[in-house]
Amino acid sequence: TGTDVGKTYISDLLVKKMNEYKLNCAYFKAAMSGNVRDKDGNLVPGDAEFVKKISGIEQPVSKMCPYVYENAYSPHLASRIEGNPVDFNVVSEWFDKTCSNYDFVLMEGSGGITCPIDFDKKELYLDEIVKSLGLSSVIVACPEKRHEIFAVRAVLHVHRPLVHRTYYGADE
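Basis of the calculations
Residues numbered from 1 in each chain as written. Predicted model: local features only at pLDDT ≥ 70, side-chain atom pairs only at ≥ 80, totals over all residues. Heavy atoms only, no water. Helix = DSSP H or I, 4+ residues; strand = E, 2+ residues; numbered from the N terminus. Buried < 20%, exposed > 50% of the residue type's maximum accessible area, 1.4 Å probe, protein only. Contact = heavy atoms within 4.5 Å. Areas by Shrake-Rupley, 256 points an atom, 1.4 Å probe, with all protein chains shown as cover. Phe/Tyr/Trp six-rings, centres within 6.5 Å; stacked < 30°, edge-to-face > 60°. Core = buried A, V, L, I, M, F, W, Y, C linked by side-chain atoms within 4.5 Å.

Peer 1: Explain the overall build of the protein residue by residue, including any values.
Peer 2: Helix and strand counts for the protein stand at six helices and ten strands. Looking at the protein as a whole, 42% of its 172 residues are labelled buried. When contacts within the protein are restricted to residue pairs at least 6 apart in sequence, those whose partners lie at least 24 apart make up 68%. Approximately 9700 Å² of the protein is accessible, and the part contributed by carbon and sulfur atoms is 51%.

Spelled out as structure tokens, the structure:
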């Protein structure tokens, strides 16, 4: 439902559990911003690296995310600054290829469900990607941020099943 609510942590737990059950699973994220460079100057997709390390899946980190940005902004702003806008066709091709190599693929969203992904090539939001790929949704929400109602409405708006809501960091 937003930034820093625990989507990567919950994604990791789900992928880790599937891997523990010996399911052929993978992680996917269309666009990842706020990444750092390694000693050779290459961008390291932090969320993907975290999921791989903790879950123990064999999928190469380089096959988890087609668009990796250094600037810690929403993908549409990071891509504008860095000159590499998200192309839905590329995302779809990567996702389809991932699905053809694995039995289960968990796709983590970039920011909230209505996060802008691109405004330069074509106006594109995360919920449109979810709908176009035919995905169901798990909402990860932080109760203090009060984004759950907005997220549920957005998911239902794209006519996809809402599988589950998960609160991360809740005291209850």
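After that view, the rundown keeps rolling.
Peer 1: Help me get a handle on the packing of aromatic side chains, residues and values and all.
Peer 2: All told, the structure shown has three aromatic pairs when counted by the stated rule. Measuring from ring centre to ring centre gives 5.4 Å for Phe-28 and Phe-95, while their planes differ by 75 degrees; the resulting arrangement is edge-to-face. Residue Phe-28 is located in strand S1 (residues 25-28), and its partner Phe-95 is located in helix H4 (residues 88-101); the two are separated by 67 residues in the primary sequence. Overall, Phe-28 belongs to the buried group, its relative accessible area being 0%. Phe-95 sits in the buried class, given a relative accessible area of 5%.

Peer 1: Just give me the short version of the nonpolar core, but keep the residues and values in it.
Peer 2: Formed by 19 residues in total, the largest nonpolar core has its most connected members in Val-86, Val-91, Met-107, Ile-117 and Ile-129. Of all the elements in the fold, those that place two or more residues in this core are H4 and helix H5 (126-133). In terms of residues, this core owes the most to one element, H5, which gives four residues. Residues within four places of Ile-129 in sequence aside, it is in contact with Ala-30, Phe-88, Val-91, Met-107, Ile-117 and Leu-124. Core analysis: the next-biggest nonpolar cluster, separate from the first, contains eleven residues, Cys-25, Tyr-27, Met-32 and Val-51 among them.

Peer 1: Could you give an account of unusual backbone geometry, naming the residues involved and the relevant values?
Peer 2: Backbone geometry places Lys-22, a non-glycine residue, at a positive phi of 60 degrees. Looking at the secondary structure, you find Lys-22 in the loop between helix H1 (7-20) and S1. When its relative accessible area of 72% is taken as the criterion, Lys-22 is described as exposed.

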